[in-house]
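Working through the structure, step by step
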Amino acid sequence: QKEVEQDPGPLSVPEGAIVSLNCTYSNSAFQYFMWYRQYSRKGPELLMYTYSSGNKEDGRFTAQVDKSSKYISLFIRDSQPSDSATYLCAMTPHAGGTSYGKLTFGQGTILTVHP
Amino acid sequence: EPEVTQTPSHQVTQMGQEVILRCVPISNHLYFYWYRQILGQKVEFLVSFYNNEISEKSEIFDDQFSVERPDGSNFTLKIRSTKLEDSAMYFCASSLDSLYGYTFGSGTRLTVV
């Protein structure tokens, strides 16, 4: 079983739709969960960062973590054409102190929002 | 907003040649990383660097790879003898602690011919 699984899509939605992106993972040691956005030929850009289980909201974006199911989600409300990008989930067991922050990424989901 | 700067943006090299990829991390950051992304594949961790030494490395990061922070501002990845399969985007990242402010550069596209 892959450590982090993410459906690569592609996903195409009309402007204004609610988008749901998901990842599953197998390593129960993962505690910190991130969502990155990556435009073509650019580096990943951090969107959301959550610790353990629960929800976090930032504007049109909501991140959810369900550690019991080893399942994380990113919801985008009122999607815009500018949201068109690849969305990557990433996770790590470690944070802070002397731990070293190795991130394990999903495959990435290609999202297109059409006007 | 502070950013991680990588140069060059694209490098073409012949198989067997040595390449050095350069990165300028965010100035007050303490943790430094290299990742790579082969076309169509996942972003993969290569190495982390803290307190002037490697703190963790993946199985990809074999003896052909090395990292250095030569002058307190640059962070380099050297590949001694490039192979065709080293062709990928290489991303540098830095962070203040191991998660806070984790920022990626725009990457260097390495093409080995």
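Reading the values: the criteria
- Residues numbered from 1 in each chain as written.
- Chains lettered and ligands numbered in written order.
- Predicted model: local features only at pLDDT ≥ 70, side-chain atom pairs only at ≥ 80, totals over all residues.
- Heavy atoms only, no water.
- Helix = DSSP H or I, 4+ residues; strand = E, 2+ residues; numbered from the N terminus.
- Polar contact = N/O pair within 3.5 Å; in protein donor to acceptor, adjacent residues only side chain to side chain.
- Contact = heavy atoms within 4.5 Å.
- Buried < 20%, exposed > 50% of the residue type's maximum accessible area, 1.4 Å probe, protein only.
- Pairing = 2+ DSSP bridges.
- Salt bridge = Lys/Arg side-chain N within 4 Å of Asp/Glu carboxyl O.
- Nonpolar A, V, L, I, M, F, W, Y, C, P; charged D, E, K, R; others polar.

**With respect to the side chain of S94 of chain B**
All names here are of chain B. Of note, S94 is situated in strand β9 (residues 88-95). A distance of 2.7 Å separates polar atoms of two side chains, one belonging to S94 and the other to H29. With residues up to four places along the chain from it excluded, the contact list for S94 reads V4, P25, I26, H29, Y31, F32, Y33, G101, Y102 and T103.

**Thoughts on the pairing of strand β11 (residues 109-114) of chain A**
Residues in a regular strand project their side chains so that they alternate between the two faces of the sheet. Residues and elements named next belong to chain A. Only one face of β11 is buried: it carries T109, L111 and V113, and the other face, with I110, T112 and H114, is open. Of the strand pairs in this sheet, strand β2 (residues 11-14) and β11 are connected by 4 bridges, and their pairing is parallel. Note on β11: the bridge partner recorded for P14 is H114. When strand β9 (residues 85-92) meets β11, the two strands line up antiparallel, connected through 3 bridges. Counted as the bridge partner of A85 is L111 from β11.

**Focus: the side chain of S95 of chain B**
All names here are of chain B. By secondary structure assignment, the location of S95 is in strand β9. What makes S95 buried here is its relative accessible area of 0%. Reaching out from S95, the side chain makes a polar contact with the side chain of Y33 at a distance of 3.0 Å. Among all residues touching S95, those that are not within four sequence positions of it are H29, L30, Y31, Y33, Y100, G101 and Y102.

**Structural notes on the interface of chain A and chain B**
When the parts come together, some accessible area is lost, and that loss is often what is quoted as the size of the interface. Counting from both sides, the interface comprises 26 residues of chain A and, opposite them, 23 residues of chain B. If you look at where chain A meets chain B, you find 0 salt bridges. Inspection of the region where chain A meets chain B yields 5 residue pairs in polar contact (both at pLDDT 80 or more). Going through the elements one at a time, β4 (32-38), β5 (45-51) and β9 of chain A are the ones with two or more residues in the side of chain A that touches chain B. In terms of residue count, β4 of chain A provides more of the side of chain A that touches chain B than any other element does, 4 residues in total. For the side of chain A that touches chain B, the residue count by class is 12 nonpolar, 11 polar and 3 charged.

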